[in-house]
Amino acid sequence: MMNYFSTSMMCADVFRLQEQIKTIETYTDFYHIDVMDGHFVPNLTLSFDYIKALRKRTKKPIDAHLMMTNPGEFVDLLLEIGVDYITFHPRTIQKDVFRIIKKCKENQVKFGVALSPSIGLEAIQYYKNHVDKITIMTVEPGFAGQAAIPEAIEKIKEVYAYRQAHHLDFLIEVDGSNNFSTFETYKQHGTDVFILGSTLFKEEDLEKSYQKIIQFIEDIHG
Ligand code: MG
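Residues numbered from 1 in each chain as written. Predicted model: local features only at pLDDT ≥ 70, side-chain atom pairs only at ≥ 80, totals over all residues. Heavy atoms only, no water.

A. Expanded view of the coordination of the magnesium ion. For the magnesium ion, the full set of protein donor atoms is His32 (NE2), Asp34 (OD), His65 (ND1) and Asp175 (OD), and the range of their distances to it is 2.1 to 2.3 Å. All donor residues of the magnesium ion come from one chain, and their arrangement in sequence is H-x1-D-x30-H-x109-D. Here aspartate 34 is found in strand β2 (residues 30–36), whereas its partner histidine 65 is found in strand β3 (residues 62–67), with 31 residues between them in sequence. For the pair aspartate 34 and histidine 65, one class covers both residues: buried. (Donors = N, O, S within 2.8 Å, 3.2 Å for Na, K, Ca; no water. Helix = DSSP H or I, 4+ residues; strand = E, 2+ residues; numbered from the N terminus. Buried < 20%, exposed > 50% of the residue type's maximum accessible area, 1.4 Å probe, protein only.)

Below you can see the structure in the form of structure tokens.
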């Protein structure tokens, strides 16, 4: 499998964004935009206006990770803005998930789900064959830079085994705690997409930071 790198824009330096975006554009495969509403998670982050502004600057895939209680109400807006992936938390779309899936597919937008640490594959039992990406959260959603919850590794294995057994082709992504002490385990258990946040941006030289991380991950035997 290929390794893909998704950049968590909430971790970028807002005061250096103009400069950072040029480097990000060179190295990233996806833009990961965390949208939090202060209800589903105890934080507020990036907005739909931010995604709209970013859309004008890049043709690379934009993934909107919706951590909000009513994401279904914003799907039309996101389709209008032109995102490539929308990633939902299962319990926020229970009432109309098949309608949302249909809408995404009709608009050639990929449908993703994010599983919080306590949420298993059974939460998406009746629609897991429709997902284009499963994001395994190795931390509770809400904040960058948290330590990994070790149980999440079991889930990466389980999701990977499910994909193999059913010959499916959804992407397996890890959100939270992607760093030099976890990359190897995450890759070896089947991660395709690494969301890079605090580890990437903590280096002063963003370009070197990307190169170091990408090289490190490429060198791991999967
Ligand atoms: Mg996220």
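B. Broad picture of the packing of helix α1 (residues 17–27) against helix α8 (residues 206–219). At a minimum axis distance of 9 Å, the contact between α1 and α8 shows a crossing angle of 25°. Considering their axes alone, α1 and α8 lie roughly parallel with respect to each other. Crossing hand, α1 versus α8: right-handed. On the side of α1, the interface is formed by Gln20, Thr23, Ile24 and Tyr27, while α8 contributes Leu206, Glu207, Tyr210, Gln211 and Ile214. Across the contact of α1 with α8, the residue classes break down as 5 nonpolar, 3 polar and 1 charged. (Axes fitted to C-alpha atoms, helices over the stretch in contact; angles between N-to-C directions. Parallel < 35°, antiparallel > 145°, perpendicular 65-115°, else oblique. Left-handed = near helix turned anticlockwise from the far one by under 90°. Contact = heavy atoms within 4.5 Å. Nonpolar A, V, L, I, M, F, W, Y, C, P; charged D, E, K, R; others polar.)

C. Quick look at the side chain of threonine 7. Structurally, the position occupied by threonine 7 is in strand β1 (residues 4–8). Among the polar contacts made by the side chain of threonine 7, one reaches the side chain of threonine 28 at a distance of 2.7 Å. Within the local environment of threonine 7, its side chain forms a polar contact with the side chain of tyrosine 210, the two groups lying 2.6 Å apart. If we skip the residues at most four places from it in the chain, threonine 7 touches Ile24, Thr28, Phe30, Tyr31, His32, Leu196, Leu200, Phe201 and Tyr210. (Polar contact = N/O pair within 3.5 Å; in protein donor to acceptor, adjacent residues only side chain to side chain.)

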